[in-house]
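Spelled out, the chains give:
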Amino acid sequence: MRLGLILSEVGQGFRRNISMVISVILVTFISLTFVGAAILLQMQIGQMKGYWFDRAQVAVYLCTDFVDANGCALTEATTDQKRNIEQQLETEPLAGLINHWEFENHDQAYANYLEQFGEEASSFVEPEFLPETFWVSLKDPEQSAAIIERLTGEPGVEEVLDQRQLLQPIFDALAAASYTAIGIAVLMLVAAVLLIATTIRLSAFSRRREIGIMRLVGASNRFIQTPFILEGVLAALIGAVLSGGAVVAIVHFFVQGYLNAVPGTTPYVDLGDALLVVPILLAIGAVLAAISAAVAIRRYLRV
Amino acid sequence: MILFDQVTKTYKGNNRPALGDVSLEILRGEFVFLVGASGSGKSSFLRLVLKEENPTRGTIHVLGQNLGRLPARKVPYFRRNLGVVFQDFRLLPQKTVFDNVAFTLQVIGKSKGFIHEAVPDVLKMVGLAGKAARFPHELSGGEQQRVAIARAIVNKPAILLADEPTGNLDPATSAGIMALLERINLGGTTILMATHDAGIVDKMKRRVIELSGGRIMRDERQGGYLTQTIEIQHQQVRDAPDDRTVPRIQSHLVQPTQRPEESE
């Protein structure tokens, strides 16, 4: 009985200010889509970091006959110098940080180069041009500073490079994009919250006779406010469902269908991630709507 | 039943209290008229009984509850014991007579079965047995007020508050409403009625509480609308700035708004 009564009140409220309800739906839809995009961007960053940081190593490039910088003086690193580096990698304090390391000589470097860039681009590259390298995998990628500090300037070492540094600009760009999305989302959410509050006030105003009588005859506050809160929550939920659909569509058609069509090694967010975002959007929409509607209706409940 | 102990109510931005130091007690089953000019504090009094307002000073007990100590979330449950009727009826225009009365019971969570038993009963009692399916605009003013009364008493409240229930009705219709209220009172419901209608008050010979400027001027059993005993007059009016005794005595049959000190 009471549930039916409450639901019929909600239906009446919807019909009475349909235009406001539609605007609530649209604003929540757009703002939550931005929220979803921001979350997906963060997921993308996390995924790329995980992917690349697992593979990113610290490269200890050795001197070749063609490098004059960093104390190399156009001389190939000698066997003694290499042995010195090896020894450093095998003993404390560095050994404790290192998962494993391997040595790459000129020919292996050349083979990798060919594989990466193809015959054509490699026509003027000789194996001797490519430095011999110690590839070091760290137990904790954050610890690269220690090894860089230790080995930079050792005789025969041209450069010690943490590969993660090369990726940093990409992550910075993605982070900037996601912060922008979050900023827009927050602004839109503020608009959505205010719009929901206004809609509920209007709805309550058009039903002020009923509310007055309900209060007079002793309907509990919970009973009076429930239809209004449900009205706001329902409108926001419709918007949230639409935004969930939009997020899934973006991932399905744009990320999977367009970005992923270009072969590459970069992993992209997939539908599983998008479906994970949908319940978050629904929850955000419902909670924000409930809070703003409850605050908006409170004025009519003051005893 | 209703106990006011030195109650003062001051509204913001107005130094003169709407009610000043009012103490009185209304017992179970009484029928009390609250009379006085507009702005004399009648409505404030009723609002305080309903706990729509809180007193600035003093304590109010209604139905054994200290209203000052009643938490806000319990106010709705407290109000279920009170019925209220207004001058302007306050019916819901898009609901039928039956639904208007049933609405009261629906919103406090009564079962469908109870509603379908109680509403026809109370409509019969107020004399609207055949009009359950009508809409308010199809009814006369007197009938609309009967619907409002039915709505107020359908939950069998211990107290019925009536704020000028006959204010919009002609004398004959008013008499019918008063007969109905009297019947409700005989059933044991305490009735507190604010009114301007001198004829009704004089005819009913019930307890009369007269308010003026927020103070009790008179509290008389079986009183009339205007004071008839000169001793009380002198006693009550002594501290008033102007001498009201003379116009009062003369104005036996004159409408209150024509009294010089109260016409604004």
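Residues numbered from 1 in each chain as written. Chains lettered and ligands numbered in written order. Predicted model: local features only at pLDDT ≥ 70, side-chain atom pairs only at ≥ 80, totals over all residues. Heavy atoms only, no water.

1. Overview of the overall build of chain B
Just so we agree on the cut-off: Segments assigned H or I by DSSP are reported as helices when at least four residues long, segments assigned E as strands when at least two residues long, and all are numbered from the N terminus. Type-normalised accessible area, obtained with a 1.4 Å probe on protein chains alone, sets the label of each residue: buried when under 20%, exposed when over 50%, and partly exposed for intermediate values. Any two residues whose heavy atoms approach within 4.5 Å at even a single point are treated as in contact. Here the accessible surface of atoms and residues is derived via Shrake-Rupley with a 1.4 Å probe, and residues count as covered only by protein chains that are part of the display.
Summing up its helical and strand segments, chain B has nine helices and ten strands in all. Sorting the 264 residues of chain B into buried and exposed places 52% on the buried side. A sequence separation of at least 24 residues applies to 66% of the contacts in chain B between residues at least 6 apart. For chain B, the accessible surface area stands at approximately 12500 Å², while carbon and sulfur atoms represent 49% of it.

2. Digging into the confidence of the model for chain B
All names here are of chain B. Quick note on the threshold: pLDDT: the predictor's confidence for each residue, scored from 0 to 100.
Mean pLDDT over chain B stands at 85; residues scoring 70 or higher make up 86%. Across residues 242-264 the pLDDT falls below 50, and counting only partners more than four positions away or on other chains, this stretch makes 28 contacts in the model. Across the interface, the model reports ipTM at 0.76; the global pTM reads 0.70.

3. What about the nonpolar core?
Under the convention used in this document: The definition of a nonpolar core used throughout is a set of buried Ala, Val, Leu, Ile, Met, Phe, Trp, Tyr and Cys residues joined through side-chain atoms within 4.5 Å.
Counting 43 residues, the largest nonpolar core has Phe33(B), Val101(B), Val119(B), Ile149(B), Met178(B) and Leu181(B) as the members making the most contacts within it. Of all the elements in the fold, those that place two or more residues in this core are strand 3 (31-35), helix 3 (97-107), helix 4 (112-125), helix 5 (141-153), strand 7 (159-163), helix 6 (171-186), strand 8 (190-194) and helix 7 (198-204) of chain B. For this core, the element with the highest residue contribution is helix 5 of chain B, accounting for six residues. Aside from chain neighbours lying at most four places away, what touches Phe33(B) is Met178(B), Met193(B), Thr195(B), Ile200(B), Val201(B), Met204(B), Arg206(B), Arg207(B), Val208(B) and Ile209(B). Counting 34 residues, the second largest nonpolar core, distinct from the first, contains Ile6(A), Ile213(A), Ile224(A) and Ala293(A).

4. Some details on the packing of helix 3 of chain B against helix 4 of chain B
Residues and elements named next belong to chain B. Quick note on the threshold: Lines fitted to C-alpha atoms define the axes here, with helix axes fitted over just the stretch in contact, and angles between the N-to-C directions of these axes take values from 0 to 180 degrees. Here roughly perpendicular refers to angles of 65 to 115 degrees, roughly parallel to angles under 35, roughly antiparallel to angles over 145, and oblique to all remaining angles. Left-handed describes a crossing in which the near helix is turned anticlockwise from the far one by less than a right angle; the clockwise case is right-handed. When residues are grouped by polarity, Ala, Val, Leu, Ile, Met, Phe, Trp, Tyr, Cys and Pro land in nonpolar, Asp, Glu, Lys and Arg in charged, and all others, Gly among them, in polar.
Relative to each other, helix 3 and helix 4 sit at 125 degrees, their axes nearing to 10 Å. As far as their axial angle goes, helix 4 and helix 3 are oblique. When you trace helix 3 past helix 4, the crossing you get is right-handed. Contacts from Val97, Phe98, Val101, Ala102, Leu105 and Gln106 of helix 3 reach helix 4 at Phe114, Ile115, His116, Ala118, Val119, Pro120, Val122 and Leu123. Looking at the contact of helix 3 with helix 4, its residues break down into twelve nonpolar, two polar and no charged.

5. Looking at the sheet that holds strand 1 (residues 2-9) of chain B
Residues and elements named next belong to chain B. Selection rule: Note on pairing: DSSP must find at least two bridges between two strands before they are called paired.
Across the sheet, four strands lie side by side as 2-1-4-5; this open sheet has antiparallel pairing. Taken across any chain shown, the strands that pair with only one partner, and hence form the sheet edges, are strand 2 (19-26) and strand 5 (65-66). Where strand 4 (residues 57-62) lies against strand 5, two bridges are found, and the strand directions are antiparallel. From the neighbouring strand, Val62 faces strand 5, where its bridge partner is Gln65.

6. Things to note about the pattern of salt bridges
All names here are of chain B. The condition that has to hold: Any carboxyl oxygen of Asp or Glu within 4 Å of a side-chain nitrogen of Lys or Arg constitutes a salt bridge here.
All chains considered together, the criterion is met by 14 salt bridges over all chains. Close ionic contact of Arg47 with Glu52 constitutes a salt bridge, the shortest N to O distance being 3.9 Å. The class of Arg47 is partly exposed, set by a relative accessible area of 31%. Classification of Glu52 as partly exposed rests on a relative accessible area of 26%. For Glu182, the salt bridge is made with Arg206, and the minimal N-O distance between the two is 3.3 Å. With a gap of 24 residues between them, Glu182 in helix 6 and Arg206 in the loop between helix 7 and strand 9 (207-212) connect regions that are remote in the sequence. Of the residues examined, Glu182 reaches a relative accessible area of 28% and is grouped as partly exposed.

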